[in-house]
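Spelled out from the first residue to the last, the chains are:
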Amino acid sequence: MTKHKTCFHCGLNSEFSPIIYDDKSFCCNGCKTVYEIFSTNDLACYYDLENAPGATPKEIEGKYDFLDNDKIVEKLLEFNNEKTQIVTLYIPHIHCSSCIWILENLNKLQPSISASIVNFGKKTVRVTYNSETFSLKNLVVLLSNIGYEPYISLEDYSTGKTQVDRSLIYKLGIAGFAFGNVMFLSFPEYFQVDGFWLEQYKPVFRWLMFAFSLPVVFYSAQEYFISAYKGLRSKLLNIDVPIALGIAVLFIRSTAEIIFDLGTGFFDSLTGLVFFLLLGKFFQQKTYAFLSFERDYKSYFPIGITRISQDGEETSVQVYDIKKGDRLLIRNEELIPVDCILIKGNARIDYSFVTGESEAVSKQSGDKLFAGGKQLSGIIEVDVLKSIEQSYLTQLWSNDVFKTDKENTFTSLTNNISKRFTIAILSIAIVATLYWLVIDASKALNVFTAVLIIACPCAIALSAPFTYGNLLRILGKKKFYLKNASVIENLAKVNTIIFDKTGTITANKKTTISYDGETFSTHEEALLKNTLRGSNHPLSRALYNLLDKHDIFTLDDYQEYLGKGIEAKYKSDEIKVGSARFVGYNLEASTLNTTVHVSSNNTYKGKFTFYNAYRKGLSKLFNILKKDYDLVILSGDNEGEKNNLTKLLPSKTKLLFNQKPEDKLDYIKYHQSEGANVLMIGDGLNDAGALAQSNVGIAISENVNVFSPACDAILDASKFNQLHHYIKISKSAIKIIKWSFALSFLYNIIGLYFAVTGQLAPVVAAILMPISSISIVVFTTTTTNYLGRHLK
């Protein structure tokens, strides 16, 4: 059996033969491309011209032939490495929660797409896809076919400008002009003025009203019809379906009335409806822009990166101070913050932060390295190709590939509402219209249209994003940087707080160090200094800063073993730095202080002893937190500090020492199985497993690059004593969302009541619909700003 379809690749009507071993797959007899018919609970996709977003009409595909040029594609891509490509596209037609849901489920329309993330404020979608089975051209055509054609301008991409879309203003102007004239021409009908002249020219007035309505329906309102049509073609019910249906019914009914001389129709309501819908959309855009909670230019990751000056001096700078042409030092396990060129060192880069695939790739001197990669093999030096893009790191951090089961309740709720809302409203409109056709047919059309227009899920759907979004911005300015909105919700549920010791409750800058052992030769000290140079462990950084300056050389081999120590080789010499067992020394039982041992060429040299200084306000913070939370200290060190901590912290605080990274992870797992919601606070590198396992993981930053997908938040060390305020504000955010949900439901219920009972005109409904969304946005933003003002 064969089926006639339109091929996605060759664009020609062709016969499709079923594949013998799979009755759900078909093969184009022309170009031999294989297609799969698949369906899910949410979407159904079929590759043919009439029904499928994947179908590619020749005229659409030809428009994007320039995307076959590899040089052009390279300019547009954010990331391009072997099988994976990532691109951010500007989509002017994003305007509601339904748009977000559709665009973030592109992988259900096209299996080659692994992830898509929408930035509602910027109207962009960031798509990750398999470049072996899918191309950028295919992606753009797919988006065009489902009603979200991207705007692509190479000039804008190169200069960083965003195209200003003025089409809404033009449509609004035409709708307003037509509405005013139709109202003027309708005055004789409104006031039932009798007069020979008015009566004689009444048909002329009616046809003039018809003429004024044409550009309103076919130009000003075209976006609603296009969006509704493409949604239905793709078997999606978006929010524009009921609006387009209401406009179409009004226009058809009014046209029929003047053709058959039955009355004046509803052209005043029609033009007024479109005008106020567009006016509402215009004010929504202005409100969102004014209340923008975009965080990339107002707050920055508190991450230190090491910059090498022309005379070889190394200084720690913030990521946003990096400029094109700078020479950077990237240590072992450190993230590459910018696109750059490898200059020196052995590079093995893990791009799992970008692509979700953990396979490391080796790079040679002169190769390009992409932002988001993690160095796995010692130190490398790189030259910066362009300055830091904070928003790009934010997008990477929030990437879906790092989300586990940390479910966002409000997002799930709003997604379910958005998917079912249109069906519910259409059902209510049809039932109410049938009722009024029996009771009073003159009200039936107004009721039908008013119901379709007044109800809108956007007010409900915007409650959580605007509350969380504004709070992300506020907390970022207070040096508490969150991965995404769901972290706030999870933080509010926490009942157990676990702290690491070294580098978390201790201040690295105030630590004092003493050495006990054999004197190092100049060569041994230089080798030790260069070995420590490659590590980000708090003890390594403190010891590195203590040692005298030495010539920098590239190590032949470098290995860092988590929770144990570092091993390095240079020419014929070998050095080990770490625990006593790691370097081959039998530790005396009486030694209880925090120590780092060193051996050179398998000969034990000595130990560095660290005397901790605790962070300011530690005791006060723990005494505040003990009232509502179970507090635990999990330390990889021995019990040398137990007496000091017992005096400093509340008596109920659990103190556990000699904990390996896997022990910390198992401890958190066990307590979660007992019903605990765990907040883990540690350093981003050594506690990565525990941070990832916890319900919320916070990495403390003290001039070190701790940026890792494992953590949910980064807290500047200077704000450590404010932790309880951040948890408290997250609980307040949940209350704000619940209140805004209640207000949104109340608006929809009251609005539907007046619409169903025939007491609401369509024009009034069009005015009220955007006001509801704007009022919720203003409410959530104002209340979160109020909370933010009380943060120190």
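No experiment lies behind these values; they were computed from the predicted model shown.

Description of the sheet that holds strand S29 (residues 654–656)
Whether parallel or antiparallel, the strands of a sheet pair through hydrogen bonds between backbone atoms. In spatial order, the strands read S20-S32-S31-S30-S21-S28-S29; together these 7 strands make up an open sheet with mixed pairing. Only two strands of the sheet have a single neighbouring strand rather than two, namely strand S20 (480–482) and S29. Between one strand and the next, the sheet's axes are offset by a mean angle of 20°, whatever the strand orientation. The pairing of strand S21 (residues 496–500) with strand S28 (residues 630–634) spans 5 bridges and is parallel. Across the sheet, the residue bridging to Ile498 is Val632, located in S28.

A closer look at helix H8 (residues 202–220)
With 19 residues, H8 extends 26 Å from end C-alpha to end C-alpha; this agrees with the ideal 27 Å at 1.5 Å per step. Bending of H8 peaks at approximately 25° at the position of Ser213, with proline Pro215 no more than four residues after it. Within H8, burial applies to Phe205, Arg206, Met209, Phe210, Ser213, Val216, Val217 and Ser220.

So, a positive patch on the surface
A cluster of basic residues, Lys728, Lys731, Lys735 and Lys738, forms a positive patch on the protein surface. For Lys735, a relative accessible area of 57% gives the class exposed.

Notes on the confidence of the model for the chain
A residue-level look at the chain finds 76% of positions with pLDDT of 70 or above and a mean pLDDT of 77. Across residues 1–59, where pLDDT falls below 50, the model places 135 contacts with residues more than four positions away in sequence or in other chains. Under a pLDDT of 50 for its full length, residues 156–162 has, in the predicted model, 8 contacts with residues more than four places off or in other chains.

Here we look at the pattern of salt bridges
Scanning the entire structure with this criterion turns up 16 salt bridges. For Arg327, the salt bridge identified is with Glu381, shortest N-O distance 3.3 Å. Here Arg327 is found in strand S13 (residues 327–330), whereas its partner Glu381 is found in strand S19 (residues 380–384), with 54 residues between them in sequence. For Arg327, a relative accessible area of 27% corresponds to the partly exposed category.

Section: the packing of aromatic side chains
For any two aromatic rings, the description comes down to two numbers: the centre-to-centre distance and the angle of the planes. Considering all chains together, one arrives at 22 aromatic pairs under this definition. Seen in terms of ring centroids, Phe179 and Phe275 are 5.8 Å apart; in terms of plane orientation they differ by 20°. Their pairing is stacked. One end of the pair, Phe179, is in helix H6 (residues 167–191); the other, Phe275, is in helix H11 (residues 267–290), with 96 residues separating them in the sequence. Comparing Phe179 with Phe275 shows no difference in burial state: the two are buried. Here Tyr515 and Phe520 contribute two aromatic rings whose centre-to-centre distance is 5.3 Å and whose plane-to-plane angle is 35°, an arrangement assigned as tilted. Site record: aromatic cluster; members linked through ring pairs are Trp207, Phe210, Phe218, Phe251 and Phe267. A cation over an aromatic ring shows up here: Lys171 above the ring of Tyr219, its NZ or CZ 5.9 Å from the ring centre. Across from the ring centre of Phe582, 5.7 Å away, lies the NZ or CZ of Lys576, which sits over that ring.

Comments concerning the side chain of Lys664
Within the secondary structure, Lys664 is located in helix H23 (residues 661–673). Separated by 3.0 Å, the side chains of Lys664 and Asp500 make a polar contact. When neighbours within four sequence positions are excluded, Lys664 is seen to be in contact with Asp500, Leu634, Ser635, Gly636, Gln659, Asp687 and Ala690.

Observations regarding the sheet that holds strand S9 (residues 113–119)
Spatially, the 4 strands line up as an open sheet ordered S7-S8-S10-S9, and their pairing is antiparallel. In this open sheet, the two edge strands, each paired with only one partner strand, are strand S7 (77–81) and S9. Between one strand and the next, the sheet's axes are offset by a mean angle of 15°, whatever the strand orientation. Alignment of S7 against strand S8 (residues 84–90), held across 4 bridges, turns out to be antiparallel. Note that in S8 the partner of Leu77 across the bridge is Val87. Sheet strands touched by helix H4 (residues 136–145): S8, S9 and strand S10 (124–130). Its angle to S8, the strand with the most contacts, is close to 40°.

Details of the side chain of Ser730
Relative to the helices and strands, Ser730 resides in helix H25 (residues 723–756). For Ser730, a relative accessible area of 1% puts it in the buried group. Side-chain polar atoms of Ser730 contact the backbone oxygen of Ile727, separated by 2.5 Å. Those residues within four positions of Ser730 in sequence are excluded, and the remaining contacts are Ile488, Leu491 and Ala492.

Considering the environment of Asp628
Of note, Asp628 is situated in the loop between helix H21 (618–625) and S28. Given the relative accessible area of 55%, Asp628 is considered exposed. As a C-alpha pair, Asp628 and Val494 span 134 residues in sequence and 9.6 Å in three-dimensional space.

Section: unusual backbone geometry
Here the phi dihedral of Asn601 falls at roughly 50°; this positive angle occurs in a residue that is not glycine. Here Asn601 lies in the loop between strand S26 (594–600) and strand S27 (603–611). Under the relative-accessibility criterion, Asn601 is labelled partly exposed at 36%. One non-glycine residue with positive phi stands out, namely Asn658, at about 55°. Tracing the chain through its elements places Asn658 in the loop between S29 and H23.

Criteria and cut-off values
- Residues numbered from 1 in each chain as written.
- Predicted model: local features only at pLDDT ≥ 70, side-chain atom pairs only at ≥ 80, totals over all residues.
- Heavy atoms only, no water.
- Pairing = 2+ DSSP bridges.
- Helix = DSSP H or I, 4+ residues; strand = E, 2+ residues; numbered from the N terminus.
- Axes fitted to C-alpha atoms, helices over the stretch in contact; angles between N-to-C directions.
- Expected span 1.5 Å × (residues − 1).
- Bend = angle between axes of the 7 residues up to and from the residue.
- Buried < 20%, exposed > 50% of the residue type's maximum accessible area, 1.4 Å probe, protein only.
- Patch = residues over 30% accessible without salt bridge, like charges linked within 9 Å, V, L, I, M, F, W, Y side chains within 5 Å.
- Areas by Shrake-Rupley, 256 points an atom, 1.4 Å probe, with all protein chains shown as cover.
- Salt bridge = Lys/Arg side-chain N within 4 Å of Asp/Glu carboxyl O.
- Lys, Arg positive; Asp, Glu negative; His and termini not counted.
- Charge placed at Lys NZ, Arg CZ, Asp CG, Glu CD.
- pLDDT = per-residue confidence, 0-100.
- Contact = heavy atoms within 4.5 Å.
- Phe/Tyr/Trp six-rings, centres within 6.5 Å; stacked < 30°, edge-to-face > 60°.
- Lys NZ or Arg CZ within 6 Å of the ring centre and 35° of its normal.
- Polar contact = N/O pair within 3.5 Å; in protein donor to acceptor, adjacent residues only side chain to side chain.

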